[in-house]
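One-letter residues, chain by chain:
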Amino acid sequence: MSRRKLVVLSGAGISAESGIPTFRDADGLWEGHDVMEVASPQGWQRNPQLVLDFYNQRRKVARKVEPNRGHSILAELEEEFEVVIITQNVDDLHEKAGSSQVIHLHGELFKSRSTVDPSLIYDVEGWELNWGDTCEKGSQLRPHIVWFGEMVPMMEVAAVHAQQADIFIVVGTSLVVYPAAGLLDYVSSSVPKYIVDPNMPSVQSRPNLHLIEKIGSEGLQEVLERLF
Ligand code: NAD
């Protein structure tokens, strides 16, 4: 018999207990920056050095932190379910915790991409990506991040997983960044949906919706208890 499919949409909040600050909790500033300065194509055009420095700092922090109990619970659920994690996070804490199917909707901090050929994607060793680092075609590398205003290429794949879900969990996202926030609408009405967040985002009421107003580790523990 095939295993039931459990699909998760995670956001910055699941990494908060690991010591990576969320974005909305800082009044819409990301580590003191207007997001459009550091996370938009216009920001990159205006000041690529600032953008490279910003992501270098994020990488420096992210490589030192460890996954928390929330990430581990999601990894352990693979013993029972087919688990697909759709994350808005650019850190690699789901992978570090042992999750094997992770879709990064907004890109990955530890990858870089050519500015002339988006199919050329490289691992960033260590934490630095610098002006003058180039792809094999000689063009500047940029962070492999989906910036505000850019297409979200993994969205279609994510939507198919959401449609196939037997159980759907949302954890640590303010559900304000689209198209990611719209994924809930792809989930069938008969499917149980759990939302875990200490500061519950406003969501349209729908059948089989369970709101758990707790931090990631505690809220996911509660989901675990309800599932078994
Ligand atoms: P967000 O910052 O908009 O929202 C964070 C949510 O997490 C809020 O609803 C908040 O109440 C909740 N939260 C705070 N502490 C929590 C905890 N301990 N446990 C569970 N939930 C907690 O994040 P978002 O919705 O993911 O959107 C922000 C965008 O910024 C994303 O596109 C993402 O790529 C980017 N970002 C990523 C990271 C990361 O990779 N770790 C960090 C900051 C921002």
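Quick note: structure is the one above.
To keep things clear, this report deals only with the structure shown in the data block. Values in this document were obtained by computation on a predicted structure and should not be read as measured data.

Criteria and thresholds
- Residues numbered from 1 in each chain as written.
- Predicted model: local features only at pLDDT ≥ 70, side-chain atom pairs only at ≥ 80, totals over all residues.
- Heavy atoms only, no water.
- Near = heavy atom within 4 Å.
- Polar contact = N/O pair within 3.5 Å; in protein donor to acceptor, adjacent residues only side chain to side chain.
- Areas by Shrake-Rupley, 256 points an atom, 1.4 Å probe, with all protein chains shown as cover.
- 1 Å grid on protein atoms, 1.4 Å probe; cavity = no way out; pocket = protein on both sides within 12 Å on 5 of 7 lines; lining within 4 Å.
- Sits in = over half its atoms within 2 Å of the grid points.
- Axes fitted to C-alpha atoms, helices over the stretch in contact; angles between N-to-C directions.
- Helix = DSSP H or I, 4+ residues; strand = E, 2+ residues; numbered from the N terminus.
- Parallel < 35°, antiparallel > 145°, perpendicular 65-115°, else oblique.
- Left-handed = near helix turned anticlockwise from the far one by under 90°.
- Contact = heavy atoms within 4.5 Å.
- Nonpolar A, V, L, I, M, F, W, Y, C, P; charged D, E, K, R; others polar.
- Buried < 20%, exposed > 50% of the residue type's maximum accessible area, 1.4 Å probe, protein only.

We now examine the site of the ligand. Taken together, 27 residues form the shell around the ligand, and within it Arg24, Gln88, His106, Ser174 and Asp197 come nearest. Interatomic distance of 2.6 Å between a side-chain N/O atom of Asp197 and an oxygen atom of the ligand. Expressed as a share of its isolated accessible area of 850 Å², the protein-covered part of the ligand is 94%. According to the grid-proximity analysis, the pocket containing the ligand is the largest pocket.

For the pair helix H4 (residues 69-76) and helix H7 (residues 216-227), interaxial distance at closest approach is 8 Å and the crossing angle is 25°. It follows that H4 is roughly parallel to H7 by the angle criterion. Along this stretch, H4 crosses H7, giving a crossing that reads as left-handed. Residues Arg69, Gly70, Ile73 and Leu74 of H4 form the contact with H7, whose own contacting residues are Ser217, Leu220, Gln221 and Leu224. The residue makeup of the contact of H4 with H7, split by class, is four nonpolar, three polar and one charged.

Turning our attention to unusual backbone geometry. Note the cis peptide between Tyr178 and Pro179, where omega equals 10°. Counting through the fold element by element, Pro179 comes out in the loop between strand E9 (167-171) and strand E10 (193-196). The phi dihedral of Asn208 falls on the positive side, at around 60°, and the residue is not glycine. Relative to the assigned elements, Asn208 resides in the loop between E10 and strand E11 (209-212). Overall, Asn208 belongs to the partly exposed group, its relative accessible area being 37%.

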